[in-house]
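# Architecture and fold: a report
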Amino acid sequence: MPHKVTPESPIGIFDSGIGGLTVVRAIQAALPEEKIIYFGDTARVPYGPKSQVTIRKYAADDTAILMRYQPKLIIVACNTVSALALDVVEKTCGSIPVIGVLKAGAGLAVEATENSRIGVIGTQATICSNAYAVTINSLNPDAEVFSRACPLFVPLAEEGLVDHPATRLIAREYLDEFAGKDIDTLVLGCTHYPILRRIIGETVGPAIHIIDSAEAVARRTRELLDESGLLNKTREQALPHLLVSDLPQKFSRIYKLFMGSELPDVELVEV
Ligand code: DGL
């Protein structure tokens, strides 16, 4: 039975861990009146090295958790789920609209590139799925896409090592893939990576546009809510309601580092 949706209903957002907070931040900045329910599957992060079967199961669980809060929209703030299981999310939420980060990021990259040579970094599962190249080529058939999986970036971000020599070393190792490829645009194809944006940007150099899909998602969210008359015009700014499947010791520090505010109450949910 579909639930009743009103402009005051929340926006549900999920990711495997803290990475999707990059999307929460962008939504809060663009749409401060909206009520946000965020689920980070901190007990099962990372998703990137897992099989498609497991990722699809997790996607269904994560969506079902958010559906309990009767959202008006679901944002998949995880590229891995957007690449391998967007249909599972859509099926689990019935008539509630779904926005995935991958399409938004691909669109932004196509807008930004001037030479149609685009680099994409993401989790193992996202890169192996080839979903970015397919989506970018559907928007610009002439674009050349160069990809590299960067699995260690997720734990580095989860550990908050945003300015650490180990992160610099690993960034050099991974991003060396793009040397000599003449890319002018690099897509951060994992929502954890904007947390390491400074080091990634310094490693590839200032001539390369860095694409963070969070802003494109915020833009698309506004359009979609506006078209369907569901923009919330009544609320004062509220803190996001945070749900996690495990409360890691460093969660509060990383939240603060990343969101620039104290951690609001966090609710533990079982997956
Ligand atoms: N942040 C997620 C993504 O955008 C997943 C990272 C992970 O759990 O491996 O792909």
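Structure report, in brief. None of these values were measured; they are calculated from a predicted model.

## Topic: the sheet that holds strand 7 (residues 185–189)
Read across the sheet, four strands follow the order 6-5-7-8 without closing on themselves; strand pairing throughout is parallel. Each having just a single partner strand, strand 6 (144–149) and strand 8 (209–211) make up the two edges of the open sheet. Between one strand and the next, the sheet's axes are offset by a mean angle of 20 degrees, whatever the strand orientation.

## Section: the pairing of strand 9 (residues 241–244)
Taken together, the four bridges between strand 2 (residues 36–40) and strand 9 define a ladder with parallel strand orientation. Looking across to strand 9, one finds that I37 is bridged to H241. Bridge count for strand 9 against strand 10 (residues 266–268) is three bridges, and the pairing is parallel. In the strand pairing of strand 10, L242 is matched with V266. Remark: the strand 9/helix 12 (residues 251–259)/strand 10 crossover connection has right-handed handedness.

## Examining the sheet that holds strand 9
Across the sheet, six strands lie side by side as 4-3-1-2-9-10; this open sheet has parallel pairing. Looking at the sheet topology across the chains shown, the edges are occupied by strand 4 (98–100) and strand 10. On average, adjacent strands in this sheet sit at an angle of 20 degrees to one another, irrespective of strand direction.

## Brief notes about the packing of helix 5 (residues 101–112) against helix 11 (residues 213–227)
The axes of two packed helices give the description: the angle between them and the distance between them. Relative to each other, helix 5 and helix 11 sit at 105 degrees, their axes nearing to 8 Å. When the axes of helix 5 and helix 11 are compared, the pair comes out roughly perpendicular. Residues V101, A104, G105, L108 and E111 of helix 5 pack against S213, A216, V217 and R219 of helix 11.

## So, the site of the ligand
In the vicinity of the ligand lie 14 residues, with S16, Y47, N79, T80 and H192 positioned nearest. In this structure, Y47 approaches the ligand through a main-chain N or O atom, which is 2.7 Å from an oxygen atom. G48 has a polar backbone atom sitting 2.8 Å from an oxygen atom of the ligand. Surface burial for the ligand is 99%, taken as the share of its 300 Å² of free accessible area covered by protein chains.

Here is what the cut-offs are and how they apply
- Residues numbered from 1 in each chain as written.
- Predicted model: local features only at pLDDT ≥ 70, side-chain atom pairs only at ≥ 80, totals over all residues.
- Heavy atoms only, no water.
- Pairing = 2+ DSSP bridges.
- Helix = DSSP H or I, 4+ residues; strand = E, 2+ residues; numbered from the N terminus.
- Axes fitted to C-alpha atoms, helices over the stretch in contact; angles between N-to-C directions.
- Right-handed = clockwise from strand over helix to strand, strands pointing away.
- Parallel < 35°, antiparallel > 145°, perpendicular 65-115°, else oblique.
- Contact = heavy atoms within 4.5 Å.
- Near = heavy atom within 4 Å.
- Polar contact = N/O pair within 3.5 Å; in protein donor to acceptor, adjacent residues only side chain to side chain.
- Areas by Shrake-Rupley, 256 points an atom, 1.4 Å probe, with all protein chains shown as cover.

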